[in-house]
Amino acid sequence: MTKPLRVALAGLGTVGGGVIRLIGANGALIARRAGRPIEIVAISARDRAKDRGVDISRFEWVDDTNALAHHEDADVVVELVGGSDGPALALARATLANGKSLVTANKAMLAHHGLELARAAEAAKVALKFEAAVAGGIPVIKGLREGAAANEIARVYGILNGTCNFILTKMEEEGRDFAEVLAEAQALGFAEADPSFDIDGVDAAHKLSILASLAFGTRPAFADVATDGIRHLLAADIAEAAALGYRIRLLGIAEDNAGGLFQRVHPHLVPTSHPLAHVTGATNAVVAEGNFVGRLLFQGAGAGDGPTASAVVADLIDIARGEFGPAYAMPVDALATPTPADTGERRGRAYVRFTVADKVGVLAEIAAAMRDAGVSIESLMQRGAMADGTVLVAIVTHEGPERSVAQALEKLRGSQSLAGQPMWMHILA
Ligand SMILES: NC(=O)c1ccc[n+]([C@@H]2O[C@H](COP(=O)([O-])OP(=O)(O)OC[C@H]3O[C@@H](n4cnc5c(N)ncnc54)[C@H](OP(=O)(O)O)[C@@H]3O)[C@@H](O)[C@H]2O)c1
């Protein structure tokens, strides 16, 4: 067998620990598949003394994580520290500048600096690989970069955040409100102590910007992802959606057409006939629509030590085989610079929920605002008084431009009849 691929591993937390365990358990099989062994030669994290539940005594410990980029025995650095900037970015830059390949699971860093890193990898003729950065263990990066590479892709979308899907599924199954379920998810370790990146859609937006770039051959454009999360959802929204034949899912959706690049993370009503409506718990799923292959559905565990390590080591196997390829499926200079789409022009159906004062004339006021903005109402439901005495009004619109719904809501802004911000969700077509 030829000489091993030698790995320097930065970050020994959930994913880093998983990588050590996986290579320990499946090393022989991996060596047969890769054509040579994959060996960890050096490791680094913050706290050398921490018990990691895995034997690290056989690896060389390096105090200065950044020094891994220059480690003379390492062919490739695996960055599993996390964070868009700081030590992760410094290590990534130094690794590529030093002519070593880089594997990372860091979607935040890629969303902000992916293009720069891809350029650096190209210049150094080394690999930049990030299968674990989107949808954990699901091989969706490979799926788009390789399996679907012959297709023009019109749309890529999916459930990109397991924490949100776990919360939504619990709310759905148990009829409970968001805050209560979030607290339980935190206690179970499914949600971070500071959950805002997950529940406000930022994490999904990071991943969507990576998927969009791969799917459409455009430069990553994270700043253009319109992002909203699930913190304003009520149990009543889920019940209304169910009565109408939908489930609510936080979806990241990207489309590229003559109108420009559209990227949005937003809670959607998904028809129960659609496979994404049946993705439950912390599972992730991604749909890509290719012009020859048709609809592809990738589904599986979007996080966790085992699945994420599986994706990291798959990248290492590629590198061991000498399969580098451009990070975004084509050279950086071939990526188009996207123009953000005007969302006002998008047509679709919408669900709009109002929490209103229980008084005469409120429904007429809402209906008039909708009529004046040219929104055609398909159905309107009013539910009896909530605990605080307010009433819930939920409207489903006929298909129409998003601009009209926005105008209607603008007209109602500040109305004394509304007890809170309306909740506007798009209906997946
Ligand atoms: N967890 C998942 O399921 C998952 C899924 C997909 C992608 N990812 C991505 O994978 C990456 C790692 O995630 P994780 O969940 O494994 O994180 P984690 O459990 O918090 O582990 C982070 C590791 O980085 C080390 N570290 C933190 N700051 C450091 C610094 N300044 N210098 C050196 N080392 C430092 C920590 O050291 P100590 O242990 O000594 O404190 C720890 O070992 C992130 O980019 C994350 O977004 C994670």
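Parameters and conventions
- Residues numbered from 1 in each chain as written.
- Predicted model: local features only at pLDDT ≥ 70, side-chain atom pairs only at ≥ 80, totals over all residues.
- Heavy atoms only, no water.
- UniProt positions renumbered as here; feature names shortened; annotations may be inferred.
- Helix = DSSP H or I, 4+ residues; strand = E, 2+ residues; numbered from the N terminus.
- Pairing = 2+ DSSP bridges.
- Contact = heavy atoms within 4.5 Å.
- Axes fitted to C-alpha atoms, helices over the stretch in contact; angles between N-to-C directions.
- Parallel < 35°, antiparallel > 145°, perpendicular 65-115°, else oblique.
- Left-handed = near helix turned anticlockwise from the far one by under 90°.
- Nonpolar A, V, L, I, M, F, W, Y, C, P; charged D, E, K, R; others polar.
- Phe/Tyr/Trp six-rings, centres within 6.5 Å; stacked < 30°, edge-to-face > 60°.
- Buried < 20%, exposed > 50% of the residue type's maximum accessible area, 1.4 Å probe, protein only.
- Salt bridge = Lys/Arg side-chain N within 4 Å of Asp/Glu carboxyl O.
- Core = buried A, V, L, I, M, F, W, Y, C linked by side-chain atoms within 4.5 Å.
- Domains from an automatic or database assignment.
- Buried area = accessible area lost by both parts, 1.4 Å probe.
- Polar contact = N/O pair within 3.5 Å; in protein donor to acceptor, adjacent residues only side chain to side chain.

Residues annotated in UniProt with the feature "domain: ACT" (unreviewed entry) correspond here to residues 351-421. The span residues 351-421 is 31% helix and 31% strand, and its two end C-alpha atoms sit 14 Å from each other.

What follows is about the sheet that holds strand S1 (residues 5-10). Pairing within the open sheet is parallel, and its six strands lie in the order S3-S2-S1-S4-S5-S6. Of all strands in the sheet, those with a lone pairing partner are strand S3 (60-61) and strand S6 (128-129), marking the two edges. For strand S2 (residues 38-44) and S3, the ladder comprises two bridges, and the chain directions are parallel. Note on S3: the bridge partner recorded for Ile43 is Trp61. Each of S1 and S2 touches helix H1 (residues 14-34); the most contacted strand, S2, lies at about 160° to it.

In this section: the packing of helix H4 (residues 140-147) against helix H8 (residues 202-216). At a minimum axis separation of 9 Å, H4 and H8 run at an interaxial angle of 15°. As judged from the angle between their axes, H4 and H8 are roughly parallel. Considering how the two elements wind past one another, H4 and H8 form a crossing that is left-handed. Contact with H4, carried on its side by Val140, Ile141, Leu144 and Arg145, involves Ile210, Leu211 and Leu214 of H8 and no other residues of that element. Looking at the contact of H4 with H8, its residues break down into six nonpolar, no polar and one charged.

Here we come to the packing of aromatic side chains. If you walk through the whole model with that rule in mind, you get one aromatic pair. Note on Phe130 and Tyr328: the rings are 5.5 Å apart at their centroids and 45° apart in plane angle, and the pair reads as tilted. With Phe130 in the loop between S6 and H4 and Tyr328 in the loop between helix H10 (305-321) and strand S13 (347-348), this pair connects stretches of sequence that are 198 residues apart. Looking at Phe130, the relative accessible area reads 2%, which means it is buried.

What follows deals with the environment of Gly53. Take Gly53: it is sitting in the loop between S2 and S3. Taking the C-alpha atoms as reference points, Gly53 and Ile248, 195 residues apart in sequence, are found 38 Å from one another.

Attention now goes to the pattern of salt bridges. Between side chains of opposite charge, a pair can form as their charged atoms come close. Counted under the stated rule, the structure contains 34 salt bridges. The salt bridge involving Arg346 is made with Glu255; its shortest N-O contact spans 3.1 Å. In this pair, Arg346 is assigned in the loop between H10 and S13 and Glu255 in strand S9 (residues 246-257), connecting sequence segments 91 residues apart. Judged on exposure class, the residue Arg346 and its partner Glu255 are both buried. Through salt bridges with shared partners, a single ionic network connects Lys129, Lys142, Arg145, Glu146, Asp318 and Arg321.

Formed by 84 residues in total, the largest nonpolar core has its most connected members in Phe130, Val140, Ile167 and Ile230. Residue contributions to this core peak at nine residues, all from H8. Apart from residues lying up to four places away in sequence, Ile230 is in contact with Cys164, Ile167, Leu168, Phe178, Ile199, Leu250 and Pro267. If you look at the next biggest cluster of nonpolar residues, it comprises 34 residues, including Leu12, Val19, Ala34 and Val103.

Under the domain assignment, the protein is made up of domain 1 (5-137 + 308-334), domain 2 (140-301) and domain 3 (345-427). For domain 2 and domain 3, the distance between their C-alpha centres works out to 24 Å. Contacts between the two partners involve 16 residues from domain 2, matched on the other side by 17 residues from domain 3. Across the domain 2 to domain 3 interface the summed buried area is about 1,500 Å²; carbon plus sulfur atoms make up 58%. In this structure, the connection of domain 2 to domain 3 is made through four salt bridges. Here domain 2 and domain 3 share ten residue pairs in polar contact (both at pLDDT 80 or more) between them. Elements supplying a minimum of two residues to the side of domain 2 that touches domain 3: helix H9 (235-244), S9 and strand S10 (260-271). Here the element with the most residues in the side of domain 2 that touches domain 3 is S10; it accounts for six residues.

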